[in-house]
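This is what each chain is made of:
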Amino acid sequence: MTDSPSPAQPGHSVEVLAREVAYQGHFAVHTVRFRHSLFAGGSSGPVTREVFLSDDSVGLLPYDPVRDAVLLIQQVRIGPMVHGDPAWLIEIIAGRMEPGESPEQVAVREAEEEAGFAATELERIGTVFLSPGCASERMHLFAARADLGTAGGTFGLADEHEDIEARVLALDEALAAAEDGRIVSAPAVLALLWLARHRDRLRTAWR
């Protein structure tokens, strides 16, 4: 039997040898040269990697405990578009953090901008790296108590070229979409699976 991996193992280290700006635009790409300790002992040789830099982001899944329903959004996304996949993704509310903002403040702001929803009661789901092999971005995930009786519609900021449709789905329908591949956005799948695990507790606490 092998030992289970731990998040932080004593004796592991990384030494950054050089870091250069390879590209600077709306986002940035840095080239990093480093070496690291090896599981078998000793040190690796120099390793060069490019890393995509962006600010942290926040994701929010509104949940109506009375209707047992969630609010999801849909918008065009360049990532799947250039991959040749359908460009319109079903996602959770999300946005990037501005300097000085807390994750909770971003969740409230983005809920209003992307879904016309006033998020007043939040529960933290967790913080995750979205693509740790090539990107620095972390996403802070939350669920929000919601009354979705009149929710839905078209939202977004014109100066950011946003065209966002907000829609309400029964939680079971959303979970089925996450399982059968209709929802392929990783933060949405993660938040929905978290909600499935905590559904009974939140229906009691939030009713």
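Residues numbered from 1 in each chain as written. Predicted model: local features only at pLDDT ≥ 70, side-chain atom pairs only at ≥ 80, totals over all residues. Heavy atoms only, no water.

Engineer: Just checking my understanding: could you explain unusual backbone geometry for this structure?
Structural biologist: Most of the time, phi is negative for any residue but glycine, and the peptide bond is trans. The backbone of Asp68 shows a phi angle near 55°, a positive value even though the residue is not glycine. Inspection of the secondary structure assignment puts Asp68 in the loop between strand 4 (57–64) and strand 5 (69–76). (Helix = DSSP H or I, 4+ residues; strand = E, 2+ residues; numbered from the N terminus.)

Engineer: Honestly, the packing of aromatic side chains in this entry has me stumped. Any pointers?
Structural biologist: Describing an aromatic ring pair means giving the distance of the ring centres and the angle of the ring planes. Counted by the stated rule, this structure contains one aromatic pair. Ring centres of Phe27 and Phe52 lie 5.0 Å apart, and the angle between their planes is 45°; this geometry places the pair in the tilted category. Of this pair, Phe27 sits in the loop between strand 1 (14–24) and strand 2 (28–36) while Phe52 sits in strand 3 (residues 47–53), placing them 25 residues apart in sequence. Phe27 sits in the partly exposed class, given a relative accessible area of 25%. (Phe/Tyr/Trp six-rings, centres within 6.5 Å; stacked < 30°, edge-to-face > 60°. Buried < 20%, exposed > 50% of the residue type's maximum accessible area, 1.4 Å probe, protein only.)

Engineer: What exactly am I supposed to notice about the pairing of strand 4 here?
Structural biologist: Taken residue by residue, a regular strand's side chains alternate between the two faces of the sheet. Of all eight residues making up strand 4, eight are buried, and the element is well covered by its neighbours. Burial along strand 4 is two-sided: the residues Ser57, Gly59, Leu61 and Tyr63 and Val58, Leu60, Pro62 and Asp64 are all buried. Pairing of strand 4 with strand 7 (residues 93–96) involves four bridges; the strand directions are antiparallel. Counted as the bridge partner of Ser57 is Arg96 from strand 7. One ladder, built from seven bridges, connects strand 4 with strand 9 (residues 138–145); its direction is parallel. In the strand pairing of strand 9, Leu60 is matched with Phe142. Summarising the sheet, strand 4 and strand 5 pair through two bridges and their orientation is antiparallel. Each bridged residue has a counterpart across the sheet, and for Tyr63 the counterpart in strand 5 is Val70. Hairpin geometry of strand 4 and strand 5 is characterised by an intervening segment of four residues between the two adjacent antiparallel strands and by a positive phi of about 55° at Asp68. (Pairing = 2+ DSSP bridges.)

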